[in-house]
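So the chains spell out like this:
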Amino acid sequence: MPKITILPHAELCPQGAVIEAEQGTSICDALHNHDIDIDSACGGVCACTTCHVVVREGFKSLNEIEEDEEDMLDRAWGLQPFSRLSCQAILQEADVTVEIPKYSINLAKEGHQ
Ligand code: FES
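Residues numbered from 1 in each chain as written. Predicted model: local features only at pLDDT ≥ 70, side-chain atom pairs only at ≥ 80, totals over all residues. Heavy atoms only, no water.

- Where an unreviewed UniProt entry is consulted, the protein chain appears under the name 2Fe-2S ferredoxin, with the organism given as Methylophilus luteus.
- Quoted straight from UniProt, the Sequence similarities (unreviewed entry) entry for the protein chain says "Belongs to the adrenodoxin/putidaredoxin family."
- We quote the UniProt Cofactor (unreviewed entry) comment for the protein chain here in full: "[2Fe-2S] cluster". (UniProt positions renumbered as here; feature names shortened; annotations may be inferred.)

## Focus on the nonpolar core
Grouped burial of nonpolar side chains is what soluble globular proteins tend to show.
Here is step 1: Judged by nonpolar contacts, the single largest core of 26 residues is most densely connected at Ile4, Ile6, Ile27, Leu31 and Val98.
Here is step 2: Sorting the residues of this core by element identifies β1 (3–6), α1 (27–33), β3 (52–57), α2 (67–73) and β5 (96–99) as the ones contributing at least two each.
Here is step 3: Broken down by element, this core gets its largest block of residues, 4 residues, from α1.
Here is step 4: Other than its neighbours up to four places away in sequence, Ile27 contacts Leu62, Ser86, Ala89, Leu91, Val96 and Val98. (Core = buried A, V, L, I, M, F, W, Y, C linked by side-chain atoms within 4.5 Å. Buried < 20%, exposed > 50% of the residue type's maximum accessible area, 1.4 Å probe, protein only. Helix = DSSP H or I, 4+ residues; strand = E, 2+ residues; numbered from the N terminus. Contact = heavy atoms within 4.5 Å.)

## Considering the environment of Glu99
Here is step 1: Structurally, Glu99 can be placed in strand β5.
Here is step 2: Its relative accessible area of 25% is what places Glu99 among the partly exposed residues.
Here is step 3: Considering only alpha carbons, one finds Glu99 and Ala76, 23 residues apart in sequence, at a separation of 14 Å.
Here is step 4: Of note is the side chain of Glu99, whose polar atom sits 2.6 Å from the side chain of Arg56. (Polar contact = N/O pair within 3.5 Å; in protein donor to acceptor, adjacent residues only side chain to side chain.)

## Considerations on the side chain of Ser86
Here is step 1: With respect to the helices and strands, Ser86 occurs in the loop between β4 (83–85) and β5.
Here is step 2: Those residues in contact with Ser86 that lie beyond four places of it in its chain are Ser26, Ile27, Cys28, Ile38, Cys51 and Val53.

## What to know about the side chain of Ser61
Here is step 1: Mapped onto the fold, Ser61 is located in the loop between β3 and α2.
Here is step 2: Of the polar contacts made by the side chain of Ser61, one reaches the backbone oxygen of Gly58; its length is 2.6 Å.
Here is step 3: Ignoring anything within four residues of it in the chain, the contact list for Ser61 reads Gln92, Ala94 and Val96.

Rendered as structure tokens:
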């Protein structure tokens, strides 16, 4: 099973974590299954950007980004070259390392910017 290394995030995962998930699972589902409560305001249907992660290792091992995801990602807070919407990023065989950005659009709207 591929491993996901999650870099420390002050609120969601202060110590960082390493979890395992079945191949074919989205990163978002894998995080939720391990009580790492990343936002997923649209329920994982590529209609928000709150599940945004930056893939620090293993980016190329994930499924390809589709146009819908690219369009949504353009609106994400802190977009980077290796950004993905975690609900659309499907694990393959390789391990990955992800960083959960400090803010999502939801929090930014609440005045944390
Ligand atoms: Fe909304 Fe991923 S949960 S795009």
